[in-house]
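Next come the chains, spelled out residue by residue.
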Amino acid sequence: MVKQHVESAVNGKIRCDACPVMCYIADGRSGACDRYANVAGELIRVDPLTVIESWLSDGGKIVPFLPDTSAAEWDGDIVHANSSFITAIGAGTTYPDYKPAPFIVSQTVNGIDMVTVVTEGIFSYCGAKVKIDTDRFLGPESAAVRVDGEQIGHVTTGEYGSQMLSLGGVHHLTGGSKKEGRVTCDALLQLCNTNPVELSIDGGATLIVQAGRAPIINGAEEQRMRVGCGSATIGMFAKQWLGHVDEVVVVDDHITGVLSEHQAGKLLDIPPTGIKIKGRRSTPGRYFQVAEPGTGWGGTNVSDPLSIIADFDPKTAYPGLRMLMVSTTGEQYGYYILDENLQPILQTMLPAALQQSVEIVAENCEPAMSSVMFMGGAGGSLRAGVTTNPVRLTRAVKDALTYVSCGGAPAYVWPGGGITVMADVTRMPSNAFGYVPTPALVAPIEFTMRLDDYRTLGGHMEAVIPIAEALEQAERRVGAIAGSAWPTAERNFQWGA
Ligand code: SF4
């Protein structure tokens, strides 16, 4: 565990100055955030400093994962400095920010001197964007999302096949009551550490969200993400229905598709059926607002799909007309034949070809998942721990001279001012996040660049240490996540540009 510098002590209690709370901590006790403890008069960062080793898989099994395609084959050296990356997890925080970051680590990568500046940033301005793969209605757009009755965020605009939540942010962390801030901070901490959190949405559902797991909505685990909207489903599978059925309706809360009217049906010479769908016709074979949003067929409130059909035009429709109705996940379906009065009658059996087509719709659905992206602004004072001239760090990030990672996971840096980053919490080692009771989330962040560039942007050169020195303090070694860019790989930088 990493030892911290202690500046003052009173009555045997040492003072932690890693955040504005400035706890006095007695021997054998930990501070208010449980991140720091007094062990025999020494201030210790409780969680182990975590290093990612390129040759370790997630389970600790040794595999030759190469950090860069141009890198040499793994030579079996367990302290292969070029393939180790010191993350900020367990590194600690320096406060106030003008002090150099806890670890400023140099290493040579493919003959180039590199430096990684490592710190556990204290983020008052941060939150999580949560993507929930479901069509089911979770709540109206902008509705409050609550934990223990406290608003921690809101429902934001839905995406293709997913509902989106925007959680946290400075307004809920600091702008409401003390309880609101505390509950928001704890919910973010749990979500970012990939733990389950129960959420309730005003006027909508209750759900359990856990990064990398299927959402549980109103007590039922979601199985599938829809294959596409109703119109897209018609476009994808029209050919498979040709000759087996006269009409197909794909029920969807956003765009319900009708095969005979859709361009796909026209191109396949499928004749009109005289079907009249409720809702607003957008373009041929594509209907909006066929029902209210809900947790029924295709994200509507419909349990009987016939309720979205007004009637059949007797000039066109005929007894014996065959119709398939299916939801966008293939979970619900029904096969109907029009009787003498042009009333659709549900059949107990589906013809084999239609059964197969429904199964293909279902097969093309991906497993429903909850995704949690940590989002935070590092454009503020945190930069001073990296450089004496903070704006130069922002410019270096924007100019792609500096690579930003969070616990080794690639961070997407938003365009525009500041260093506003977004990173997938499932790509980080476990327990990457902490908190301080101000309240604020503590998130790992690393800046990697050429040593020359670091010098140029006014870096704390006096604080640079070789990676071997940092590795001596690392107590947790984890494997690289497959598919993640290696933080010091050449391709992360515009070298030679
Ligand atoms: S809350 Fe944690 S980081 Fe802040 S001073 Fe107390 S022990 Fe240190």
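From a predicted model like this one, the values you see are computed outputs, not experimental measurements. Per chain, the residues get numbers from 1 upward, laid out in the order the sequence is written. Only residues with pLDDT of at least 70 get local features here, since the model is predicted, and only at 80 or more are side-chain atom pairs given and counted; chain-wide, interface and lining totals rely on the full set of residues. Computation of side-chain values: all heavy atoms of the structure, hydrogens and water removed.

Next up on the list: the overall build of the protein. What the protein contains, in helices and strands, is 8 helices and 36 strands. Once the C-alpha set of the protein is aligned to its principal axes, its extents read approximately 90 × 55 × 40 Å. Categorising residues by exposure relies on relative accessible area from a 1.4 Å probe, with only protein chains included: less than 20% of the type maximum marks a residue as buried, more than 50% marks it as exposed, and the intermediate range marks it as partly exposed. Scored against the burial criterion, the 497 residues of the protein give a buried share of 51%. In the protein, of all internal contacts separated by at least 6 residues, the share reaching a separation of at least 24 is 66%. Accessible surface is estimated by sampling points in the Shrake-Rupley manner with a 1.4 Å probe; for residues, cover comes only from the protein chains shown. With the model as given, the accessible surface of the protein reaches about 21,300 Å², and the carbon-plus-sulfur share is 51%. Each charge class in the protein was averaged separately, 37 positive and 53 negative side chains, and the resulting centres sit 4 Å apart. Strands are runs of DSSP state E lasting at least two residues, helices are runs of H or I lasting at least four, and both sets are numbered from the N terminus onward. In what follows, a contact means two residues having at least one pair of non-hydrogen atoms within 4.5 Å. We score Asp and Glu as negative and Lys and Arg as positive, and we do not count His or the chain ends. We put the charge of a Lys on NZ, of an Arg on CZ, of an Asp on CG and of a Glu on CD.

So, on to the sheet that holds strand 3 (residues 13-15). Overall, antiparallel pairing links the 3 strands, which are arranged 2-3-4 in an open sheet. Whereas interior strands pair on both sides, the edge strands pair on one side only; in this sheet they are strand 2 (9-10) and strand 4 (24-25). Strand pairing is assigned whenever DSSP identifies at least 2 bridges connecting the two strands. Note: strand 3 against strand 4, 2 bridges, orientation antiparallel. Looking at strand 4, one finds that arginine 15 is bridged to tyrosine 24.

Turning our eyes to something else, we now look at the site of the ligand. Residue proximity to a molecule or strand is established when one non-hydrogen atom of the residue lies within 4 Å of it. Around the ligand lies a shell formed by Cys16, Ala18, Cys19, Val21, Met22, Cys23, Gly31, Ala32, Cys33, Arg35, Tyr36 and Pro437. Note on residue classes: Ala, Val, Leu, Ile, Met, Phe, Trp, Tyr, Cys and Pro are nonpolar, Asp, Glu, Lys and Arg are charged, and everything else, Gly too, is polar. Grouping the amino acids of the shell around the ligand by side-chain chemistry returns 10 nonpolar, 1 polar and 1 charged.

Tracing the chain through its elements places glycine 417 in the loop between strand 31 (412-413) and strand 32 (420-424). Separated by 66 residues in the primary sequence, glycine 417 and glycine 483 have C-alpha atoms spaced 29 Å apart.

We now examine the domain arrangement of the protein. Residue ranges assigned to the domains are those given by an automatic or database domain assignment. Here the protein is partitioned into domain 1 (2-45), domain 2 (50-124 + 379-484), domain 3 (126-221) and domain 4 (230-363). At the junction of the two partners, domain 1 supplies 13 residues and domain 2 supplies 15 residues. Two parts placed together each lose some accessible area under a 1.4 Å probe, and the buried area is that loss summed for both. Buried surface at the junction of domain 1 and domain 2, both sides included, amounts to about 1,200 Å², of which 56% is carbon and sulfur. Area buried by domain 1 at its contact with domain 2 is led by Val2, Pro20 and Arg35, which between them contribute 37% of it.

Spatial ordering of the open sheet is given by 22-23-20-19-25-26-27, a layout of 7 strands whose pairing is mixed. Lying at the two open borders of the sheet, with one neighbouring strand each, are strand 22 (280-283) and strand 27 (344-346). For this sheet, the mean inter-axis angle between neighbouring strands, taken without regard to orientation, is 25°. Pairing analysis gives 3 bridges linking strand 26 (residues 333-338) to strand 27, with the strands arranged antiparallel. Paired with tyrosine 336 across the bridge in strand 27 is leucine 346. Angles here are taken between N-to-C directions and fall from 0 to 180 degrees, while the axes themselves are lines fitted to C-alpha atoms, restricted in helices to the stretch in contact. Its contacts with the sheet place helix 3 (residues 230-241) against strand 19 (247-251), strand 20 (256-258), strand 23 (286-288) and strand 25 (322-327), and it is angled at close to 150° to strand 19. Packed on one face of the sheet, helix 5 (residues 352-363) meets strand 25 and strand 26 and runs near 20° to strand 25.

For strand 14 (residues 162-168), the buried fraction is high: 7 of the 7 residues fall into the buried class. Note: strand 11 (residues 126-132) against strand 14, 6 bridges, orientation antiparallel. Bridge pairing links glycine 127 to glycine 168 in strand 14. Looking at chain direction, strand 13 (residues 150-159) and strand 14 are connected through 5 bridges and run antiparallel. Residue glycine 153 lies in a different strand from strand 14, and its bridge partner there is leucine 167. The antiparallel hairpin formed by strand 13 and strand 14 contains 2 residues in its connecting segment, where glycine 161 sits at a positive phi of about 85°.

In this model helix 2 (residues 178-192) runs 21 Å from its N-terminal to its C-terminal C-alpha over 15 residues, within 8% of the 21 Å that 1.5 Å per residue would give. Within helix 2, burial applies to Glu180, Gly181, Val183, Thr184, Cys185, Ala187, Leu188, Leu189, Leu191 and Cys192. Count one or two residues on from helix 2 and you reach threonine 194, which has phi positive near 60°. Expected span, for any helix, means 1.5 Å times one less than how many residues it has.

Before going further, it helps to spend a moment on the packing of helix 3 against helix 5. In a pair of packed helices, the angle between the axes and the distance between the axes together describe the arrangement. Their axes nearest at 10 Å, the elements helix 3 and helix 5 cross at an angle of 155°. When the axes of helix 3 and helix 5 are compared, the pair comes out roughly antiparallel. For helix 3 against helix 5, the interelement crossing comes out right-handed. Within the contact between the two elements, helix 3 uses Thr233, Phe237, Gln240 and Trp241 and helix 5 uses Leu354, Ser357, Ile360 and Val361. Counted by class, the contact of helix 3 with helix 5 contains 5 nonpolar, 3 polar and no charged residues. Just so you know how the angles are binned, under 35 degrees is roughly parallel, over 145 roughly antiparallel, 65 to 115 roughly perpendicular, and the rest oblique. For any helix crossing, the convention is left-handed if the near helix is rotated counterclockwise from the far helix by under a right angle, and right-handed if that rotation is clockwise.

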